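# Structural description and commentary
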Amino acid sequence: MTSRNTVPSFEVETTSAPISDADRERALEQPGFGTQFTDHMITIDWSEEQGWHAARVQPFGPLPILPGASALQYGQQGFEGIKAYRHADGSVWTFRPERNAARLRATAERFYLIAPDDALFVESLRSLVAVDHEWVPQPDGEKSLYLRPFIIGTEQFLGVRPSKTVTFGLIAGPSGIYVGGLGNPVNVWLSEEHVRATIGGTGEAKCGGNYAAGLGAHAEAKTNGCQQTLFLDAETRTYVEEFTSMNVLFVTSDGHLVTPDLSGTILHGITRASLLQIAAEDLGMTVEERRVSVTEWRERVADGSFSEVFACGTAAVITPIGTLKARNFDIPPARHTGGEVTQALKERLTGIQYGHIEDTRGWMVKLRD
Ligand SMILES: Cc1ncc(COP(=O)(O)O)c(C=O)c1O
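Residues numbered from 1 in each chain as written. Predicted model: local features only at pLDDT ≥ 70, side-chain atom pairs only at ≥ 80, totals over all residues. Heavy atoms only, no water.

### Focus: the pairing of strand E7 (residues 144-153)
- The element E7 is largely enclosed, with a buried count of nine among its 10 residues.
- Two strands pair when backbone bridges link them, and strand E4 (residues 77-79) and E7 are joined in this way by three bridges, in the antiparallel orientation. By the bridge assignment, Gly78 is partnered in E7 with Ile151.
- Inspection of the sheet shows strand E5 (residues 82-86) paired to E7 by three bridges, in the antiparallel sense. The partner of Lys83 across the bridge, within E7, is Tyr146. (Buried < 20%, exposed > 50% of the residue type's maximum accessible area, 1.4 Å probe, protein only. Helix = DSSP H or I, 4+ residues; strand = E, 2+ residues; numbered from the N terminus. Pairing = 2+ DSSP bridges.)

### As for the pairing of strand E14 (residues 286-289)
- Here four bridges tie strand E13 (residues 256-259) to E14, and the two strands are oriented parallel to one another. When the sheet's bridge partners are listed, Thr259 is paired in E14 with Glu289.
- Following the backbone out of E13, through helix H7 (residues 270-281) and into the adjacent parallel E14, one traces a crossover that is right-handed. (Right-handed = clockwise from strand over helix to strand, strands pointing away.)

### Let's talk about the side chain of Ser163
- Note that Ser163 resides in the loop between E7 and strand E8 (165-175).
- Here Ser163 falls in the buried class, since its relative accessible area comes to 1%.
- Here Glu155 takes part through its backbone nitrogen, which lies 2.9 Å from a polar atom of the side chain of Ser163. (Polar contact = N/O pair within 3.5 Å; in protein donor to acceptor, adjacent residues only side chain to side chain.)

### Some thoughts on the domain arrangement of the protein
- Looking at the assigned domains, one finds that the protein contains domain 1 (11-175) and domain 2 (186-353).
- For domain 1 versus domain 2, the distance between C-alpha centres works out to 27 Å.
- Counting residues at the interface gives 20 residues for domain 1 and 23 residues for domain 2.
- A buried area of about 1800 Å², summed over both sides, lies between domain 1 and domain 2, and 58% of it is on carbon and sulfur atoms.
- Of all residues in domain 1, Phe79, Phe95 and Arg103 give up the largest surface area on contact with domain 2, accounting jointly for 33% of the area buried on that side.
- Our count for the domain 1 to domain 2 interface comes out at one salt bridge.
- The closest approach of N and O atoms between Lys346 and Glu142, which form a salt bridge, is 3.2 Å.
- The interface formed by domain 1 and domain 2 includes 12 residue pairs in polar contact (both at pLDDT 80 or more).
- By residue class, the composition of the side of domain 1 that touches domain 2 is seven nonpolar, six polar and seven charged. (Domains from an automatic or database assignment. Contact = heavy atoms within 4.5 Å. Buried area = accessible area lost by both parts, 1.4 Å probe. Salt bridge = Lys/Arg side-chain N within 4 Å of Asp/Glu carboxyl O. Nonpolar A, V, L, I, M, F, W, Y, C, P; charged D, E, K, R; others polar.)

Dropping the structure here:
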């Protein structure tokens, strides 16, 4: 699909029934993750004839969608996850939004949808933060405003073909630590039956179906006392790919940072890419993007040469991995779980995001003064 990329002006309808100051303060105090939403949302419609149009900031609430819409019937949709961070001077910033915009367009391409260009994507973040800035938490305890852009095919028909109309939406909610935390390693379950992605499939796309397909394994993980699932490659069931919603990284005792390469089945994590760059440029580490087998994980934790194992993503930031549990074996936590390198990487990344460390790479984009 082709897109007409003029940035439409946003019509703004503010809510007549905002959440009370006291309830908002309570939400900001203990944001959790993904359960509380701000007062407003954005929708922008797209059609072949009109391009992007009807850009609206409006009260948060149900979306009008026809029951036969392609998003509901055939899963023609995609989404993103990005955060807004408050700095000490009160200004609000976001991190590498052009990367999220590009990934949403890549997802759109995979599903024959359409997604905004960088300018419209960032303008939508700005427009929502403009009305809901009081929902951006003070930066204590790593709080932020989690923003969820999404695209849905809205045309109603039951023949399988791409929708001729699309809606881009943006909702947001305050967020705290998603899972784990430096002193709280996450135990993970090895999915031996279900895979997440295969070459030529949709693993690189950020689409709801990938997550829905992982929910069976997630239930298994929960039953086994784990919070996340680790998926293996579909062909050999040997190599580590990624977790439910995070990429995986290994620190070696001789200063290497090892992570599965982007082989066509793994989400191109923006946190992953940023950490690899920080590790190489700021910490002088050697970065290895290559296949890592479960056997290598097991043997190198046992001999101490994998000294730290951690996961990363926008929601989780960085969290150490504890035990990997499988049907017939466990891999215990690495010797220095949550150790020096995990901490240094987290400090540098969040330092840039919250404005304590100078952003020398132009990663931060201001959303509000
Ligand atoms: C499957 C999966 N892998 C990795 C990530 C991490 O990506 P990012 O760092 O861009 O948030 C996410 C989160 O979006 C994810 O859902």
